[in-house]
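Structural overview for review
As a plain string of letters, each chain reads:
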Amino acid sequence: MYKEYKVLGLIMARGGSKSIPRKNIKFLGGKPLIAHTIDKAKAAKYIDRLVLSTDDVEIAEVAKKYGCEVPFMRPAELAEDSTQDYPVVVHALEWLEKNENYKPDFIVHLRPTHPFRKTSDIDKGVELLAENLKADSVWTVGKPPVTPYKMFHVGEDNFLKPILTVEGEKETFNWPRQKLPVAHNHYGQVDITRYDTVMVKKSMCGENILPMMLEGEIVDIDSPLDWEFAEFLISKGLLS
């Protein structure tokens, strides 16, 4: 809890990962991938409860072993490849309120694919949201490896069209990166949203998203190459 705000940590981990089979319980640096997120969340000062939403019994048992609550199992229809985060969060909140009369003020969304997040960022994000009453949510963001001002899409005429332009300027995609407007990528290491943003505004983020800037190496494990890179960083003692 931070001040008067009840804070729920929510981990969402389905069993049907495709790029890395059984990714969430595969061992990374000596323990299951999901355990890294559980450990960081349990070390946070402000998270009152840490809950897992999963459709997979084995993932649930591993999470319990490392100290995460699994009060319910996620329905199969909310664990498909195309399932978005929003209905999964709503299901968790509705279940907790109906069955346990528990209603948090803040929901901290913690993706298992970010094992190297900092516990201090979890606490900082809660403080930011609590102290900014106009904010609907807090997102962790950072500078992208390639600015979107240098990216293109293929138009209906089959020619490349710039995705973004600078008003009144031509061929800004040829400008040096340092001259272009600063853009930020949403990395999703720690996303924090208000209960009312989800249940009243029916959104994961709302309209007023407060940025929390990330520094240092950002590793999101989404492919076998990402996994190898994470193992390398751990072996060199660069991340833990």
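Note that this is a predicted model, so its numbers are computed, not measured.

1. A short note on the packing of aromatic side chains
Each aromatic ring pair is summarised here by two numbers: the centre-to-centre distance and the angle between the ring planes. What the rule picks out here adds up to four aromatic pairs. Between phenylalanine 72 and tryptophan 95 the ring centres are 5.2 Å apart and the planes differ by 45 degrees, which places this aromatic pair in the tilted class. Here phenylalanine 72 is found in the loop between α2 (57–65) and α3 (85–100), whereas its partner tryptophan 95 is found in helix α3, with 23 residues between them in sequence. Under the relative-accessibility criterion, phenylalanine 72 is labelled buried at 5%. The exposure class assigned to tryptophan 95 is partly exposed, which follows from its relative accessible area of 24%. Positioned over the ring face of tryptophan 227 is lysine 26, at 4.7 Å from the centre of the ring. Between arginine 49 and the ring centre of tyrosine 102, over which it is positioned, the NZ or CZ distance is 4.7 Å.

2. Focus: the pattern of salt bridges
Using the criterion set out here, one finds 12 salt bridges in the structure. Salt-bridge contacts for arginine 14 lead to aspartate 81; the nearest nitrogen and oxygen are separated by 2.7 Å. One end of the pair, arginine 14, is in the loop between β1 (7–12) and β2 (27–28); the other, aspartate 81, is in the loop between α2 and α3, with 67 residues separating them in the sequence. When its relative accessible area of 22% is taken as the criterion, arginine 14 is described as partly exposed. Between arginine 49 and glutamate 100 there is a salt bridge; the shortest N-O distance is 2.8 Å.

3. Let's talk about the pairing of strand β10 (residues 191–194)
Where burial is concerned, the two faces of β10 agree: the one with Asp191 and Thr193 and the one with Ile192 and Arg194 are both buried. When strand β5 (residues 106–110) meets β10, the two strands line up antiparallel, connected through four bridges. Residue pairing for β10: histidine 109 is matched across the bridge by aspartate 191. Looking at chain direction, strand β6 (residues 137–142) and β10 are connected through two bridges and run antiparallel. Opposite valine 138, over in β10, you have isoleucine 192 as the bridge partner.

Rules of the game
Residues numbered from 1 in each chain as written. Predicted model: local features only at pLDDT ≥ 70, side-chain atom pairs only at ≥ 80, totals over all residues. Heavy atoms only, no water. Phe/Tyr/Trp six-rings, centres within 6.5 Å; stacked < 30°, edge-to-face > 60°. Helix = DSSP H or I, 4+ residues; strand = E, 2+ residues; numbered from the N terminus. Buried < 20%, exposed > 50% of the residue type's maximum accessible area, 1.4 Å probe, protein only. Lys NZ or Arg CZ within 6 Å of the ring centre and 35° of its normal. Salt bridge = Lys/Arg side-chain N within 4 Å of Asp/Glu carboxyl O. Pairing = 2+ DSSP bridges.

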